[in-house]
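Each chain is listed here by its residues.
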Amino acid sequence: MKAKWLFDEHPILVDKELASVIGLNESIVLQQLNYWLHSKSAKQIDGRLWIYNTYSNWRKDNFPFWSERTIRRAFDSCEKKGLVITGNFNKAGFDKTKWYSIDTKKLDDLMSSACGQNGQTNRTKSPDGSGQNRQTNTRDYPETTPENNKHSASHSNAQSVSQLEKEFEEVWTKYPNKKGKKQAFNHYKAWRRKSTKHTNEYLLERLKVYMTDLQQNSWKHPMNGSTWFNGRFDDELEVDNPKPANKYEQEGYYDDYKDFVRDDGKGDNLLDGVSDDELPF
C-alpha cells in the first residue's frame, strides 16, 4: 500500500552535499530555481536563462511550507554567496518583479572546492536536478559570468601569509568547533584577499551573532570550522539581542567600590568576613 504523503507527486529533491555546504533552505531554493530555468517558462537573455517571480508566487506555487520572509532570506543568502543573480527586464518601469538566474560556474567552483577538501567526488547531474519535477528543457546554454570583482583588493596590497595567519588565529581561538582548521584558513585567506572590506572586525561580529544563535537554539550544533569559514558566517540568523549589562557593571565601578570599602585607607577592612555573594551590589 502506497503512503499518501510519499511521492504521489513530483517531490523537491535536495542534494545532501549541496545542503551541507550552502545550507538546507538555500539548497531547496536553488534546486527549484534550477528546475524553472530549464522549463518552458524560462527566457534567454544575453546568453543566460532567466525566470521571474514574486515572493508571494514563490510561496504559493513552490514553497507553501515557508513564510515569505523565510523565502526572501533564502534567496538573499544565495545572492550574497554569488550563486543567484538577479535582474530587472520588465517592460514597465514601475514593475519591480525580480528576475533570477544561477551562476553555475560559481556554484561548480564552490562545490568542487568543498567536496575536494572533504575527500568527496563530484557527481554528474542532469541540468534539471536528476528528475526533480518534470523536465521540459534540458539544452545546455552558454553562460555569462557577471562582473563581481569591482571590490577586489589588488594583489600588490595583499597581506602576507604570516600576518593573515596571526589574524586568523584571533578568530579561530573563539570559534567553538575546531574541525578543519587547514581548510578554514584557506577559506579565510581567500576571503580576506578578495576585498579590503573583508576584515576581522566583520568576522568577529558575525561570530558573535552565530554564538548567540547557538545559545538561543540549544538543539543546534556548531558547524565544522572549515564549513563556517567557507562563507557560512554570512548566513541570515534571527537572534534576540541579549539585555545589555548595567553600565556600572560594564565599567567595573562595582568592583572598584568593593575594593574601596574593603580598605578604607585606615588599615581597617570594612567588609572583613563578608563574601562577594552577600554584598547588595
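Notes on the structure follow. Remember, predicted model here, so these are calculated numbers, not experimental data.

Another point: the overall build of the chain. The helix and strand inventory of the chain stands at 11 helices and four strands. Taken over 281 residues, the chain has a buried fraction of 35%. The contacts in the chain between residues at least 6 apart in sequence include a share of 64% that link residues at least 24 apart. As displayed, the chain offers around 18300 Å² of accessible surface, 49% of which is attributable to carbon and sulfur atoms.

Before going further, it helps to spend a moment on the pattern of salt bridges. With the rule as written, the count across this model stands at eight salt bridges. Asp109 is the partner of Lys105 in a salt bridge, and the nearest nitrogen-oxygen pair spans 3.1 Å. Of this pair, Lys105 and Asp109 are both found in helix H5 (residues 104–117), four residues apart, which corresponds to roughly one turn of the helix. Put simply, Lys220 and Asp213 hold a salt bridge, and the shortest N to O gap is 2.8 Å. Classification of Asp213 by relative accessible area gives buried; the value is 3%. Put simply, Lys81, Arg232 and Asp235 are held in one network by salt bridges that share partners.

Bringing unusual backbone geometry into the picture now. Most of the time, phi is negative for any residue but glycine, and the peptide bond is trans. The phi dihedral of Asp46 falls on the positive side, at around 50°, and the residue is not glycine. Relative to the assigned elements, Asp46 resides in the loop between strand E1 (43–45) and strand E2 (48–53).

Position of Cys78 relative to the elements: it lies in helix H4 (residues 68–80). Taking C-alpha positions, Cys78 is 9.5 Å from Asp235, a pair spaced 157 residues apart along the chain. Setting aside chain neighbours within four positions, we find Cys78 in contact with Glu26, Leu30, Leu83 and Val84.

Spanning 14 residues, helix H2 (residues 24–37) covers 20 Å between terminal C-alpha atoms, matching the ideal 20 Å at 1.5 Å per step. Most of H2 sits inside the fold, with 11 of its 14 residues counted as buried. The set of residues buried in H2 consists of Glu26, Ser27, Ile28, Val29, Leu30, Gln31, Gln32, Leu33, Asn34, Tyr35 and Leu37.

Moving on to the sheet that holds strand E3 (residues 84–87). Hydrogen bonds between backbone groups are what pair the strands of a sheet, and the pairing can be parallel or antiparallel. Overall, antiparallel pairing links the four strands, which are arranged E1-E2-E4-E3 in an open sheet. The sheet is open, and its two edges are formed by E1 and E3, each paired on a single side. Ignoring strand direction, the axes of neighbouring strands in this sheet form an average angle of 40°. Here four bridges tie E3 to strand E4 (residues 98–102), and the two strands are oriented antiparallel to one another. By the bridge assignment for E4, Thr86 is matched with Tyr100. Taken strand by strand, H2 contacts E2, E3 and E4, and its axis lies near 95° from that of E4.

With that settled, consider the packing of aromatic side chains. Throughout the structure, instances matching the rule amount to 26 aromatic pairs. Between Tyr188 and Phe229, the ring centres sit 6.4 Å apart and the planes meet at 70°, which makes this aromatic pair edge-to-face. Of this pair, Tyr188 sits in helix H7 (residues 181–194) while Phe229 sits in the loop between helix H9 (225–228) and helix H10 (247–250), placing them 41 residues apart in sequence. Across this residue pair, the class does not change: Tyr188 and Phe229 are buried. An aromatic cluster is defined as three or more aromatic residues linked by ring pairs; in this entry it consists of Phe168, Trp172, Tyr175, Phe185, Tyr188, Trp191, Tyr202, Tyr210, Trp228, Phe229 and Phe233.

Within the largest apolar cluster, 28 residues are counted, with the highest numbers of intra-cluster contacts made by Leu30, Leu33, Trp58, Phe75 and Tyr100. Listing elements by their share of this core, those giving two or more residues are helix H1 (16–22), H2, E2, helix H3 (55–61), H4, E4 and H5. Formed by 17 residues, the second largest nonpolar core is a distinct cluster that contains Leu164, Phe185, Leu214 and Phe233.

Calculation rules
- Here the residue index of a chain counts from 1 through its sequence in written order.
- Note on the predicted model: pLDDT of at least 70 is required for a residue's local features to be given, and 80 or more for side-chain atom pairs to be given and counted; whole-chain, interface and lining totals, by contrast, use all residues.
- To obtain the side-chain values, all non-hydrogen atoms of the structure were included, while hydrogens and water were left out.
- Helix numbering and strand numbering both begin at the N terminus, where a helix is a DSSP run of H or I of at least 4 residues and a strand a DSSP run of E of at least 2.
- Note on exposure labels: buried denotes an accessible area under 20% of the residue type's maximum, exposed denotes more than 50%, and partly exposed covers the range between, all computed with a 1.4 Å probe on protein chains only.
- Contacts between residues were defined by any pair of non-hydrogen atoms, one from each residue, lying within 4.5 Å.
- For accessible areas, the Shrake-Rupley method is used with a probe of radius 1.4 Å. Any residue's cover is judged against the shown protein chains and nothing else.
- Any Lys or Arg side-chain nitrogen located within 4 Å of an Asp or Glu carboxyl oxygen qualifies as a salt bridge.
- Helix span, expected: 1.5 Å multiplied by one less than the number of residues in the helix.
- What makes two strands pair is DSSP finding at least two bridges between them.
- Axis angles are defined between N-to-C directions and span 0 to 180 degrees, where every axis is a line fitted to C-alpha atoms and, for a helix, only to the segment in contact.
- Only Phe, Tyr and Trp rings are paired, with Trp represented by its six-membered ring, and only when their centres lie within 6.5 Å; those with planes under 30 degrees apart are stacked, over 60 edge-to-face, the remainder tilted.
- Nonpolar cores were defined as sets of buried Ala, Val, Leu, Ile, Met, Phe, Trp, Tyr and Cys residues, with membership established by side-chain atoms within 4.5 Å.

None of the figures reported here should be taken as evidence of function without further support.
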